[in-house]
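The lines below spell out each chain.
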Amino acid sequence: MGLTKQYLRYAPSGIFNVVASSDCNISHVTLNGISGRYIAVGACEHVIIWDMRLGEKAQVITGEKVVVSQIACSPTGNHMAVGYVDGNINVYDLNSNEVICVFAGHKSAITCLQYDDQGHRIVSGSKDTEVILWDVVSETGIARFSGHKGIITSVLFINGKNCVVSSSKDTFVKFWDIETKHCFKTLGGHQTEVWSSILLKEERYLVTGSTDQELRVWKLVWTDKIKEEDQIAQQLEIVKLEDGDSEESSVLQCHQVGTLVRGGKGRVVGMATDPGQKVLACYGTDSLLELFAFCSDEDAKLRMNKRIKKQRKRLAKQAEEADNANENLDVAEILTLSDEVRRLTSMKLSGKMKSTTLLLGMSGELRVGVSLASNTVEMHSLNISESSEVKCLKQITIPGHQKEPRCVTFSSDNLAILSASVDSIKIWNRNSQSCLRTIPVPCGRPVSACFAPGDRHALVGCVDGQLLLIDVAAGTILESVPAHTTNCAVVGLTPDLRGCYSGGGDKTVKLWQFELIDDPTGESKAKVLSLLHTRTLELEETVTAVKISPNSKFIAVALLDSTVKIFFLDTFKFYLSLYGHKLPVLSLDISYDSNLIATGSADRNVKIWGMDFGDCHKSIFAHNDSVTALQFVPSTHYFFTGSKDGKVKQWDGDSYDSIIILNGHAGECYGLSVGAGGLHVASCGSDRALRLYSRTDEPLVLGDQDEEEEGLATGDQHAPVPGLPGLTMPTKKTIGAEKAADSILECLSVGAEYASQVAEAKGAPVQPPVLMAAYNCSTAEDFLLATVRKIRSSDLEEALLLLPFNSACEVVKLLPTLLERGDNTELLCRLAFFLVRVHHAPLVANRHLLKYLIQIQAKANMRLTELRDMVGYNLHALQWLQRDVEANESEQLFREATNERRANEKRTRRKRALKRPIVTVT
């Protein structure tokens, strides 16, 4: 049997034009020990760290196929947690750019992420209304908090009390205890969705933002600390207690102490604070960023004393005017919100805000990073100690269009790419993916583009009918030709490269000829390129796509009546009509030999026709939405299609097979272009990304497609454990967990078979199975340990859940021998404890397994005691070393101070000795 037809695989080779995705937050990052200079942003499936001093990319954390929705940097500065729209969380090492661990627990997009103050735990919230707590060190889920009925909008750690605060669109703010894994308090003082919440001033104040113009400020008072509170704070609680609501039974008392009135319009979109929780930033649906500073206790008391002084003066003045000397001038000395909070200078930005991040320096300088809806990242600075003006330190906007690019095209040598959006036309270097030229668009939105012969000029058709002639080298528009009265939908070159054609919404197709004319501006003696209109083809319907056959014999025109009409190019005489599409054809192309014409329609179908008789060779249901772009690969019958479903696909026009589905756009794909020789493909879409794909030397055989990536959810993801309805796993079942369970089952069967062979041999040497030899194992216990160690930590518990009970019993029988050795104690104890917790009743009821459980209990206790002793010994040794170092340093400081004092005294004595003889002589 012969080998099936081989193709060459196309692989993604770059994403550019995205400065910052508007759907992802931004965060300050510390790189190489430098903070306040770098900002991390989500850019489709990658994370870009921008150097805000140089305006360049300092680092790129590359993702796979899923769009980034949330990022969080660890307080230690060496890790970054990245949440994706499929619900997975990857933790990256910023030094090596490698994935440390993967957390799979959510069903849908991550909406909020936060580290604790040590950087050891992460709490995540998602659109699936769940909050999950993860342990970064052991790479496992700790707890799943279920209770919200709406999308989670923010999650926060209260580090001092080991609890988590979450807010949701269900109007509630919930407090969760990490120890008991339950909600111990629900805050219900909001009428509408809680869009954001933030903790401030040493986690004593909670600020929540809703759909109105007020930020509600809540004071958190823990009942075990009430006795320590001073008298003023107690009076404050009594005054502010709302509606006689008694909360004596709760461990936490939460009272609204006031509101901060916003100046921005619309709902609260987001809030942010600096790591020290001193400054609050709030922004809404407009371009205003408001800043509030929470004062220290000393400053707040000073402000209160000033306020009371003013009030007493005013009351005294009123009493004098009223001639009432007996009026009481006492003012209650109670701290109010106006004493605690002061408003800083608001920032009016150049566009609609999407995210912000704050960093407060030691000198009082506040660095504010913002991402705008216009694909822009900015860094601003102001001093909070003095009411200074806001300074813009850097704005990064050149490396991307401010609006969605609508068309893309390659130059003839594949070295340059042109893209156009409503704000500008940009020319890119394909190799470095950097922006070479930016040309402002003076008229309507560009919808079509191509390079002129020689690649020194380009043609761009706009929605208002203008055809722009661009000088690529100078980055200027030479001429704006009124080609059509409305929408110049198509522009392309004629096969002889002496002219071009354009099709528009005015029901005409026009042919143009290139000509050189004298410079109309008179600035140069050199001639400049211009267009001369030669012929016009008039039609009955609006033109949506046009193509001239490579043999210059026919011109094919797609019309709004869902048909494609083919005319002779020389006479414009009608030749064929291709009908069969149910909706208008949006794109078409003719193969290099002028034998095939392929049409892509809004009815989601691609039809392949013969040019000789106009017969439909094949109709392919190609995409799940309108086919917006179609182009043949030069010198082949392969063609690429792009669609509103975001996918980019390659097809074989002879066998009608789908060759490859490329990782497309997160949203609609508007256009694509195939470079010369089919070496590169570029596409543009609604996610603002320009995606580049390159042909590799790797052969691709149909039917030999890769399996779906690990991490795709399968089955009933969050079902409670059978027999244990109270046990809800923080993780979800993934393909990785299923593969891990299969590997354990295979390991147990191979190990059991080998053990039986060893028993039958009665001491004679037995060759271990190939799989065991590959792991370099000689016993079934070693093989089990090697297999379990290769399983990803976050998948281990889900894999153990998938094991049948008899396999779990086999694992339990092997554990005592492994625990006896003393290595990998932590992993083995985790294995044993989880299996016993899940299968407790049947395991205890089985008499044969009881002795193994007793052995596990004894040996696990012994090994854990050894570990505990070792950790305690090391901890106290390190503390002793620390005390020793501190003592040496203090001794050194003391010695230096003593020497300095002695030197000062010596100087003083010398001066006195000099003064004495002078005085005596006088």
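From a predicted model like this one, the values you see are computed outputs, not experimental measurements.

(A) Highlighting the packing of aromatic side chains. Inspection of the entire model under this criterion finds 14 aromatic pairs. Between the aromatic rings of F145 and W176, the centroid separation amounts to 5.2 Å while the plane-to-plane angle is 25°, which identifies the pairing as stacked. Pair noted here: F145 is in strand β13 (residues 140–146) and W176 is in strand β16 (residues 173–177), with a separation of 31 residues, a long-range link. Exposure class is identical for F145 and W176. Each is buried. Taken together, F175, F184 and W222 form an aromatic cluster joined through their ring pairs. Sitting over the ring of W195, R267 keeps its end group 3.6 Å from the ring centre.

(B) Molecular detail of the UniProt feature "repeat: WD" (unreviewed entry) in the chain. UniProt's feature table lists "repeat: WD" (unreviewed entry) at residues 61–102, 103–144, 145–186, 187–220, 481–515, 578–619 and 620–652, given in the numbering used throughout. With 0% helix and 60% strand, residues 103–144 has its two end C-alpha atoms placed 13 Å apart. Annotated as residues 620–652, this span is 0% helix and 58% strand, and its ends, taken at the C-alpha atoms, are 11 Å apart.

(C) Region of the structure containing the side chain of H665. Turning to its location among the elements, H665 is positioned in the loop between β54 (658–662) and β55 (669–674). Look at H665 and you get buried, because its relative accessible area is 7%. Within the structure, H665 has its side chain in polar contact with the side chain of S683 (distance 2.8 Å). Setting aside residues no more than four positions away along its own chain, H665 makes contact with G646, S683, C684, G685, D687, A689 and R691.

(D) Molecular detail of the packing of helix α8 (residues 805–821) against helix α9 (residues 825–838). Two elements in contact, α8 and α9, have axes whose closest approach is 10 Å; the angle formed by their N-to-C orientations is 145°. Every pair of crossing elements has a handedness; the one defined by α8 and α9 is left-handed. From α8, A808, V811, V812, L815, L818 and L819 reach across to α9, where they touch L828, C829, L831, A832 and L835. Split into classes, the residues belonging to the contact of α8 with α9 amount to 11 nonpolar, no polar and no charged.

(E) Spatial organisation of the pattern of salt bridges. Scanning the entire structure with this criterion turns up 23 salt bridges. Across the pair R204 and E202 runs a salt bridge whose closest N-O atoms are separated by 3.4 Å. The class of R204 is partly exposed, set by a relative accessible area of 24%. E810 is the partner of K813 in a salt bridge, and the nearest nitrogen-oxygen pair spans 3.8 Å. Of this pair, K813 and E810 both sit in helix α8, 3 residues apart, which is roughly one turn of the helix. On the accessibility criterion, E810 (37% relative accessible area) is partly exposed.

(F) Region of the structure containing the sheet that holds strand β12 (residues 130–135). On the basis of which strands lie adjacent, the open sheet formed by 4 strands has the order β10-β11-β12-β13 and antiparallel pairing. One side of each edge strand has no neighbouring strand; the edge strands of this open sheet are β10 (110–115) and β13. When strand polarity is set aside, the average angle formed by the axes of neighbouring strands in this sheet is 20°. Sheet analysis places β12 next to β13, joined by 6 bridges and oriented antiparallel. In the strand pairing of β13, I132 is matched with R144.

(G) Spotlight on the nonpolar core. If you look at the biggest cluster of nonpolar residues, it comprises 40 residues, and the most contacted ones within it are L784, L800, V811, L815 and L831. Of all the secondary-structure elements, those providing two or more residues to this core are α4 (735–761), α6 (780–790), α7 (793–802), α8, α9 and α11 (847–921). Per-element accounting of this core gives the leading share, 8 residues, to α8. Not counting residues up to four positions away in its chain, the partners in contact with L815 are L828, L831, A832 and I856.

(H) Local environment of the UniProt feature "domain: Small-subunit processome Utp12" (unreviewed entry) in the chain. The feature "domain: Small-subunit processome Utp12" (unreviewed entry), as given by UniProt, occupies residues 781–883 in the numbering adopted here. The straight-line gap between the two end C-alpha atoms of residues 781–883 is 45 Å; of that span, 91% is helix and 0% is strand.

(I) How the structure looks around the sheet that holds strand β9 (residues 99–104). One open sheet holds the 4 strands; their spatial order is β6-β7-β8-β9, and the pairing between them is antiparallel. Since the sheet does not close on itself, it has two edges, and those belong to β6 (68–73) and β9, each with one partner. Strand-to-strand twist across the sheet, computed as the mean angle between neighbouring axes with direction ignored, equals 20°. As defined by bridge partners, β6 adjoins strand β7 (residues 79–84) across 5 bridges and the pair is classed as antiparallel. Looking at β7, one finds that I71 is bridged to V82.

(J) The pairing of β54, seen in detail. Bridge analysis of strand β53 (residues 648–652) against β54 gives 4 bridges, and the strand direction is antiparallel. Across the sheet, the residue bridging to K649 is I661, located in β54. If you look at the hairpin formed by β53 and β54, you'll find 5 residues sitting between the two strands, and Y656 has a positive phi there, around 65°.

(K) Inspection of the pairing of strand β36 (residues 457–462) at higher detail. Summarising burial for β36: 6 of the 6 residues are buried, a large majority. Burial along β36 is two-sided: the residues H457, L459 and G461 and A458, V460 and C462 are all buried. Inspection of the sheet shows strand β35 (residues 446–451) paired to β36 by 5 bridges, in the antiparallel sense. By the bridge assignment for β36, C450 is matched with L459. Hairpin connection of β35 to β36: 5 residues between the antiparallel strands, including G454 at a positive phi of 95°. Across 5 bridges, the pairing between β36 and strand β37 (residues 466–471) is antiparallel.

(L) Region of the structure containing a positive patch on the surface. Taken together, the side chains of K906, R907, R909, R910, K911 and R912 make up a positively charged region of the molecular surface. Tracing the sequence through the fold places R912 in helix α11.

(M) Representation of α4 in the model. Taking 1.5 Å of rise per residue, 27 residues should cover 39 Å, and α4 covers 39 Å from first to last C-alpha, within 8% of that figure. Looking at α4, one finds that the buried residues are I735, G736, A737, A740, A741, I744, C747, L748, V750, G751 and Y754. Contact partners of the buried residues in α4: α5 (770–774), α6, α7 and α8. Two residues or fewer past α4, K762 is found with a positive phi of approximately 55°.

(N) Up close: helix α2 (residues 297–322). Along its 26 residues, α2 runs 37 Å from first to last C-alpha, staying within 8% of the 38 Å computed at 1.5 Å per residue. For α2, the set of buried residues is A300, M304, R307, I308 and A319. Check the buried side of α2 and you find it contacts α3 (337–340).

Cut-offs and rules
Residues numbered from 1 in each chain as written. Predicted model: local features only at pLDDT ≥ 70, side-chain atom pairs only at ≥ 80, totals over all residues. Heavy atoms only, no water. Phe/Tyr/Trp six-rings, centres within 6.5 Å; stacked < 30°, edge-to-face > 60°. Helix = DSSP H or I, 4+ residues; strand = E, 2+ residues; numbered from the N terminus. Buried < 20%, exposed > 50% of the residue type's maximum accessible area, 1.4 Å probe, protein only. Lys NZ or Arg CZ within 6 Å of the ring centre and 35° of its normal. UniProt positions renumbered as here; feature names shortened; annotations may be inferred. Polar contact = N/O pair within 3.5 Å; in protein donor to acceptor, adjacent residues only side chain to side chain. Contact = heavy atoms within 4.5 Å. Axes fitted to C-alpha atoms, helices over the stretch in contact; angles between N-to-C directions. Left-handed = near helix turned anticlockwise from the far one by under 90°. Nonpolar A, V, L, I, M, F, W, Y, C, P; charged D, E, K, R; others polar. Salt bridge = Lys/Arg side-chain N within 4 Å of Asp/Glu carboxyl O. Pairing = 2+ DSSP bridges. Core = buried A, V, L, I, M, F, W, Y, C linked by side-chain atoms within 4.5 Å. Patch = residues over 30% accessible without salt bridge, like charges linked within 9 Å, V, L, I, M, F, W, Y side chains within 5 Å. Areas by Shrake-Rupley, 256 points an atom, 1.4 Å probe, with all protein chains shown as cover. Lys, Arg positive; Asp, Glu negative; His and termini not counted. Charge placed at Lys NZ, Arg CZ, Asp CG, Glu CD. Expected span 1.5 Å × (residues − 1).

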